[in-house]
Amino acid sequence: MARIKFIAGNWKMNTTKAVAVELAKGVAKGAPDGVQAGVAVPFVYIDAVGQAIAGSKVLLGAQDAYFEKPGAFTGEISVDMLKDLGVKFCLTGHSERRHVIGESPELISKKAHAIYGAGLILVHCIGEKLEQRDGNKTLEVCKAQLHELSSKMDDPDRLVVAYEPVWAIGTGRTATDAQAQEVHAFIRAELGRMFSTDYAARVRIQYGGSMKPDNAKGLMSQPDVDGGLIGGAALKADQFLAIVNAGK
Ligand code: 13P
């Protein structure tokens, strides 16, 4: 069975409420058939964006979630709260949470299991820093971050891995098609060892890191690149939709 490409915008800590709603409406209006589009929205705008895209094909997403059930966790947001607002997918392990906010692999793993366990689509982000690539550690780093997942995640359609080389995020320096394919093929092979080959064949592996309308087609034409996780270019509906259309 062919994997439907999944292209998600990660809005990060951007937009105002009005901008978020306009952007969401633009994306919902233009989202084509044959490919899955989604938006990972700042917590405070999820409700408004959910209403703006209601009835459309666009999936509502969040950028983070806490792993505990609702309770005394000041400032945190639970997966149950996200589900209450209609969220369908949630990120974990984004490089900014790993390396700027300082989340540990243990915390990321707990969050990943809570998101997946709640029935949401988990988008688990992994990727090496520049010094790790230069030190030939790319596959080792990606393998360790993949192992934050576990065999309890038994539905491959609800597991998405986003390969985001840290040196390509927000830098304008994209991985080449061949560099992306090499790591994506490794990720699929490793998922095969962790789960099964049939399982791995169904998991979508997104590429993220300076994906733009002019490089999206080449990247998504690679056999193991099943979509994208888009930062900067997802903040303009026409640019984001051009990338989504490149996945058709
Ligand atoms: P950019 O597309 O801005 O490089 O960001 C990629 C990213 O981090 C998506 O999660």
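Residues numbered from 1 in each chain as written. Predicted model: local features only at pLDDT ≥ 70, side-chain atom pairs only at ≥ 80, totals over all residues. Heavy atoms only, no water.

> Looking at this model, I keep getting lost on the site of the ligand. Mind explaining?
The environment of the ligand is made up of N10, K12, H94, E164, A168, I169, G170, G209, S210, L229, G231 and G232. Here H94 contributes a side-chain N or O atom positioned 2.8 Å from an oxygen atom of the ligand. G170 is positioned with one of its backbone polar atoms (N or O) 2.6 Å from an oxygen atom of the ligand. When isolated, the ligand has an accessible area of 310 Å², and the protein chains bury 96% of it. (Near = heavy atom within 4 Å. Polar contact = N/O pair within 3.5 Å; in protein donor to acceptor, adjacent residues only side chain to side chain. Areas by Shrake-Rupley, 256 points an atom, 1.4 Å probe, with all protein chains shown as cover.)

> Explain the packing of aromatic side chains to me, please; I cannot follow it from the model alone.
Each aromatic ring pair is specified by the distance between its two centres and by the angle formed by the two planes. Following the criterion strictly, the structure yields five aromatic pairs and no others. With a centroid separation of 5.5 Å and an interplanar angle of 50 degrees, the aromatic rings of Y66 and F73 are classed as tilted. Classification of Y66 by relative accessible area gives buried; the value is 18%. Taken together, a centroid distance of 4.1 Å and an interplanar angle of 10 degrees make the contact between F195 and Y199 stacked. Given a relative accessible area of 8%, Y199 falls into the buried group. One aromatic cluster is present, formed by Y66, F67 and F73 through successive ring pairs. (Phe/Tyr/Trp six-rings, centres within 6.5 Å; stacked < 30°, edge-to-face > 60°. Buried < 20%, exposed > 50% of the residue type's maximum accessible area, 1.4 Å probe, protein only.)

> What is the right way to look at the sheet that holds strand β4 (residues 89-92) in this model?
The strand order β1-β2-β3-β4-β5-β6-β7-β8 describes a closed barrel built from eight strands, whose pairing is parallel. Direction aside, the axes of adjacent strands within the sheet are offset by 25 degrees on average. (Pairing = 2+ DSSP bridges. Helix = DSSP H or I, 4+ residues; strand = E, 2+ residues; numbered from the N terminus. Axes fitted to C-alpha atoms, helices over the stretch in contact; angles between N-to-C directions.)

> Would you take a moment to explain the pattern of salt bridges for this structure?
When the charged atoms of two side chains lie near each other, side chains of opposite charge can form a pair. This model, assessed by the stated rule, comprises 15 salt bridges. The partner of R3 in a salt bridge is D226, and the shortest N-O contact between them spans 2.9 Å. Taken together, the residues R3 in the segment before β1 (6-10) and D226 in the loop between α10 (213-220) and β8 (227-230) connect sequence positions 223 residues apart. One salt-bridge network, in which partners are shared between bridges, spans R3, R188, D224 and D226. (Salt bridge = Lys/Arg side-chain N within 4 Å of Asp/Glu carboxyl O.)

> What is the right way to read the packing of helix α7 (residues 138-146) against helix α8 (residues 177-194) from this model?
The angle between the axes and the distance between the axes are what describe a pair of packed helices. Where α7 meets α8, the axes come as close as 10 Å, and the angle between the chain directions of the two elements is 40 degrees. Viewed along their axes, α7 and α8 adopt a mutual orientation that is oblique. The two elements α7 and α8 meet at a crossing, and its hand is right-handed. Here T138, L139, C142, K143 and L146 of α7 come into contact with α8, specifically with V183, F186, I187, E190, L191 and M194. Classifying every residue of the contact of α7 with α8 gives eight nonpolar, one polar and two charged. (Parallel < 35°, antiparallel > 145°, perpendicular 65-115°, else oblique. Left-handed = near helix turned anticlockwise from the far one by under 90°. Contact = heavy atoms within 4.5 Å. Nonpolar A, V, L, I, M, F, W, Y, C, P; charged D, E, K, R; others polar.)

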